[in-house]
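Here is what each chain is made of, one letter per residue.
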Amino acid sequence: MSAASCLRSEDQFLCSICLDVFTDPVSTSCGHNFCKNCINEHWNSNDQYLCPLCKKIFYTRPELLINTLLTEVVSHSSEQQAAKPGEVPCDVCTGTKLKALKSCLVCLTSYCETHLEPHLTASGLKRHQLMDPVENLEDRMCMKHDKPLELFCKTDQTCVCMLCPVLDHKTHEFVPLKEEYEGKKAELGKTEAEIQEMIQKRRLKIEEIKHSVDLSKEAADREKAEGVQVFTALKESVERSLNELIETIEEKQRTTEKQAEDFIKELEQEISELKKRSSEVEKLLHSEDHLHLLQNFPSLKAAPPTKDWTEVSVRPPSYERTLVRAVAQLEETLSKQMKKLFDAELKRVQQYAVDVTLDLDTAHPHLILSDDGKQVYCGDVKKNLPDNPERFSKNPCVLGQQSLSSGRFYFEVQVKEKSKWDLGVARESINRKRQIALSPKNGYWTICLRNGNEYGALDNLAVRLSLKSQPQKVGVFVDYEEGLVSFYDVDAAALIYSFTGCSFTEKLYPFFCPCTNDGGKNSAPLIICPVNQTV
């Protein structure tokens, strides 16, 4: 055994001052060993240079010698680290518990490198079964027979010792622990692969969510920028219209004031002339000169020429039409801006267009569907069709094959040349066998046409719609999470109506009702059109 092995007693590794493993071990001339820092601090804090162990007094501070052998031994021992939380400690170490290197299933003890050496060298101990260090070695022993657990009972799915098959599990199936270990390890490998796949999917979902947030932020920033641009333009338009209105009113007032000033100036001039004539007449009246009065009488008898002011007046200008024209002009500007906004909104929702086809299994027996599933109208003859649960039995309605349970979708339907129709979306659980009012509380979000020109939104309380033009093509947009169903006049790029604040909890399907034929007056079909996604 090497000199280092001979010194591996724990006490030999401890400094007598700090009582811990040596750090930079040095020797005094009396032959005792200390940590270099410990002995220096000890001498710095005392009046005498005294050896802490043998009490030898040095009259001058002695020279400290590096103990190379002890340094080597300590360095070797330091490679065996103290057991950290969660690691198995050596059961033999009495001071600092070093990390165990192996556990013995015979001794039921865990050993560090130093205390494991007898098991590697002594012939009697070499036969002991060693394994990687584990805690609670007693749990690896059979509680009943006090023997190591070496077999696996497949019948009871438990670990047993060599005596268990003989005494307690006679008819059971057994395999060595290693064999079962390999099988379970393979299963765990699959589990680990599945877990890693799940982790990867969730990481991808995180990236997807982050990407959605980024897209949402981009959309929000874009919408804010457009909002600022639109409202700035509207504000400037309003201010410009207001300035023009004020300028027009002030110009009218200036014209009125100028007219009044001209009249007053003319009147004052006539007054001045009349006063002059009055003065001359008054002077002549007081004259006693007969000849003078008679000579001047003809020229003073008649009043000086003046204007007839009877019909002359200054009327305040009328401002009503001025204000009305200004507001009308502003309304026209706002209408143009609204048209631009709806154009942009319609283009955005058209991005969510889906290819909708009619579901023949849901169609009422009076309905006639085109072969491509894009057109439907109401016939006069009721077809003999199976009354399956999906089919409408009372109302001439049909659903689309496509459904929505999240996200957004959009489709367009041609409605021209029809006098009656219902159009929108319906939830999956609607009652298709009874005549029920179309309303959100009954699972329908629709608009309608009646009598050729009466439009309405079939909300829980019906809403009559005043439209500037009759839609020839209607766009239907649904935002499931937002709880929104909107209808657009596609050709006019105008919003017809929106159901907002809806709470969707099941699948939604496109809903079509061409209504009855009405003696041929309403024979035109509802036609699902391809969406022209203009940019």
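Residues numbered from 1 in each chain as written. Predicted model: local features only at pLDDT ≥ 70, side-chain atom pairs only at ≥ 80, totals over all residues. Heavy atoms only, no water.

1. With respect to the pairing of strand S15 (residues 408–414)
Thought 1: Counting buried positions over the seven residues of S15 gives five, a clear majority of the element.
Thought 2: The pairing of S15 with strand S20 (residues 473–479) spans seven bridges and is antiparallel. Within S20, the position partnered with Phe409 by the bridge is Val478.
Thought 3: Strand direction decides the pairing type here: S15 and strand S24 (residues 526–529), joined by three bridges, are antiparallel. Each residue of the ladder has a partner; that of Gln414, found in S24, is Ile527. (Buried < 20%, exposed > 50% of the residue type's maximum accessible area, 1.4 Å probe, protein only. Helix = DSSP H or I, 4+ residues; strand = E, 2+ residues; numbered from the N terminus. Pairing = 2+ DSSP bridges.)

2. Concerning the sheet that holds strand S18 (residues 454–457)
Thought 1: Ordered by their spatial adjacency, six strands build an open sheet running S14-S23-S16-S17-S18-S19, and the pairing between neighbours is antiparallel. Each edge of the open sheet carries a strand with a single partner, namely strand S14 (398–399) and strand S19 (463–465).
Thought 2: Pairing of strand S16 (residues 421–427) with strand S23 (residues 508–513) involves six bridges; the strand directions are antiparallel. Counted as the bridge partner of Arg427 is Leu508 from S23.

3. A short note on unusual backbone geometry
Thought 1: Even without being a glycine, Lys55 presents a positive backbone phi close to 65°.
Thought 2: When you line up the elements, Lys55 lands in the loop between strand S3 (49–50) and strand S4 (57–58).
Thought 3: Here Asn451, not a glycine, exhibits a phi torsion of approximately 55°, which is positive.
Thought 4: With respect to the element layout, Asn451 can be found in the loop between strand S17 (444–450) and S18.

4. With respect to the sheet that holds strand S7 (residues 109–111)
Thought 1: Strand order in this open sheet of three strands is S7-S6-S8, and the pairing throughout is antiparallel. Edge strands, defined here as strands with exactly one partner in the open sheet, are S7 and strand S8 (130–131).
Thought 2: Bridge count for strand S6 (residues 102–104) against S7 is three bridges, and the pairing is antiparallel. Its bridge partner being in S7, Cys104 is matched across the sheet by Thr109.
Thought 3: Each of S6, S7 and S8 touches helix H4 (residues 113–121); the most contacted strand, S7, lies at about 110° to it. (Contact = heavy atoms within 4.5 Å. Axes fitted to C-alpha atoms, helices over the stretch in contact; angles between N-to-C directions.)

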